[in-house]
Amino acid sequence: EKQRRYGFVRLCLKHGVAIRPVYAFGEGQLFNNIQGLWKPRLALNRFSIPTIIVWGLWYLPLLPKRGVKMTIVVGKPLVVPKIESPTREDVAHWHGKYILELKRIYEEYKEVAYGVEDGKEAKLEVW
């Protein structure tokens, strides 16, 4: 089952703040995800504690790798109404609009970010 992350939309609606979709192409290349230690990691995941182990630079693993090409795209702002107590339907409606804009900017810029050949194969996974 996919977990929905609607909290940021609820806050924007509650305070009447526009939502600005942003996609960072290349972000996944900044760090390696170290594999292993599955039993304790999965046990902690059951309590919603993330257990990703990342490694960037070989001599300073918490810093991102150098030379990674990044393309950051900012989408059109979604101007939302101010709703003191947004309902689930309100949040789902505006979250859907956010996802549509995120997909739009991904599709529009993926060939610019990854090159024509790799861009044609690139697919956005939203979960």
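Our structure's up above, just so we're on the same page.
Below or above, wherever it landed, is the structure these notes cover. Throughout, residues of each chain are indexed from 1 in the direction in which the sequence is written. For a predicted model such as this one, the threshold for reporting local features is a pLDDT of at least 70, and the threshold for listing and counting side-chain atom pairs is 80 or more; totals across whole chains, interfaces and linings nevertheless cover every residue. With hydrogens and water excluded, all non-hydrogen atoms of the structure serve as input to the side-chain values.

Regarding the overall build of the protein chain
Then, in step 1: The secondary structure content of the protein chain amounts to four helices and four strands.
Then, in step 2: Mapped from its N terminus to its C terminus, the protein chain presents α and β elements in the order α-β-β-α-β-β-α-α.
Then, in step 3: The globule rule used here is 2.2 Å times the number of residues to the 0.38 power, and the radius of gyration it is set against is calculated over C-alpha atoms. Taken over C-alpha atoms, the radius of gyration comes to 18 Å for the protein chain, far larger than the 14 Å a tight globule of 127 residues would show.
Then, in step 4: Counting only C-alpha atoms and orienting by the principal axes, one finds that the protein chain spans roughly 50 × 40 × 25 Å. Helix numbers and strand numbers start at the N terminus; a helix is a DSSP run of H or I with at least 4 residues, a strand a run of E with at least 2.

A word on the pairing of strand S4 (residues 71-74)
Then, in step 1: For every residue, the accessible area obtained with a 1.4 Å probe (protein chains only) is divided by the maximum for its type, and the residue is called buried under 20%, exposed over 50%, and partly exposed between those limits. Of the two faces of S4, only one is covered, namely that formed by Thr 71 and Val 73; the face formed by Ile 72 and Val 74 stays uncovered.
Then, in step 2: Of the pairings in the sheet, the one linking strand S1 (residues 22-25) to S4 comprises four bridges and is antiparallel in character. Bridge assignment links Phe 25 to a residue of S4, and that residue is Thr 71. Pairing between strands is defined by DSSP: at least two bridges between the two strands are required.

Points about the packing of helix H1 (residues 7-15) against helix H3 (residues 88-114)
Then, in step 1: To get an axis, fit a line to the C-alpha atoms, keeping to the stretch in contact for a helix; angles then go from 0 to 180 degrees between the N-to-C directions. Where H1 contacts H3, the axes come no closer than 9 Å and their chain directions differ by 110°. Put simply, H1 runs roughly perpendicular to H3. Mapping the contact onto sequence places Phe 8, Val 9, Arg 10 and Leu 13 in H1 and Asp 90, Val 91, Trp 94, His 95 and Tyr 98 in H3.
Then, in step 2: Residues are grouped as follows: nonpolar covers Ala, Val, Leu, Ile, Met, Phe, Trp, Tyr, Cys and Pro; charged covers Asp, Glu, Lys and Arg; every other residue, Gly included, is treated as polar. Residues that form the contact of H1 with H3 fall into these classes: six nonpolar, one polar and two charged. Comment on the angle field: the value is read as roughly parallel under 35 degrees, roughly antiparallel over 145, roughly perpendicular from 65 to 115, and oblique elsewhere. For this analysis, residues touch if any pair of their heavy atoms sits within 4.5 Å.

Focus on the side chain of Glu 101
Then, in step 1: Checked against the element boundaries, Glu 101 lands in helix H3.
Then, in step 2: Beyond its immediate chain neighbours, meaning those up to four positions away, Glu 101 contacts Pro 21, Gly 75 and Lys 76.

Focus on H1
Then, in step 1: Within H1, burial applies to Val 9, Cys 12 and Leu 13. Viewed end-on, H1 has its buried residues packed into an arc of 95°, placing them on one side of the element.
Then, in step 2: On its buried side, H1 packs onto H3.
Then, in step 3: Within two residues after H1, Gly 16 carries a phi angle of roughly 65°, on the positive side. Comment: arc refers to directions from the helix axis out to C-beta atoms.

Remarks on the nonpolar core
Proteins that are soluble and globular tend to have nonpolar side chains buried together.
Then, in step 1: In this structure, Val 9, Leu 13, Ile 19, Phe 25, Val 80, Trp 94 and Tyr 98 are the most contacted members of the largest nonpolar core, which totals 17 residues.
Then, in step 2: Elements with a contribution of two residues or more to this core: H1 and H3.
Then, in step 3: Setting aside its immediate chain neighbours within four residues, Phe 25 contacts Lys 69, Met 70, Thr 71, Val 73, Ile 105, Tyr 106, Tyr 109, Lys 110, Ala 113 and Tyr 114. Here the nonpolar core consists of buried residues drawn from Ala, Val, Leu, Ile, Met, Phe, Trp, Tyr and Cys, with membership extended through side-chain atoms lying within 4.5 Å.

As for a negative patch on the surface
Then, in step 1: Residues enter a patch when their relative accessible area is above 30% and they make no salt bridge; the linking distance is 9 Å between like charges and 5 Å between nonpolar side chains (Val, Leu, Ile, Met, Phe, Trp, Tyr). Accessibility throughout is a Shrake-Rupley quantity obtained with a 1.4 Å probe, and a residue counts as covered only by protein chains that appear here. Think of a salt bridge as a Lys or Arg side-chain nitrogen and an Asp or Glu carboxyl oxygen that are within 4 Å of each other. All tallies of charge rest on Lys and Arg as positive and Asp and Glu as negative; His and the ends of each chain are not included. The atom standing in for a charge is NZ when the residue is Lys, CZ when it is Arg, CG when it is Asp and CD when it is Glu. A surface patch of like charges, here negative, comprises Glu 111, Glu 117, Asp 118 and Glu 121.
Then, in step 2: Looking at the negative patch element by element, the count peaks at three residues for helix H4 (residues 116-121).
Then, in step 3: With respect to the helices and strands, Glu 111 occurs in helix H3.

Here's the deal with the pattern of salt bridges
Then, in step 1: Tallied over the full model, the rule gives three salt bridges.
Then, in step 2: Glu 108 is the partner of Arg 104 in a salt bridge, and the nearest nitrogen-oxygen pair spans 2.5 Å. Highlighted residues: Arg 104 and Glu 108, both in helix H3, separated by four residues, approximately one helical turn.
Then, in step 3: Residue Arg 104 is classed as partly exposed on the basis of its relative accessible area, which comes to 31%.

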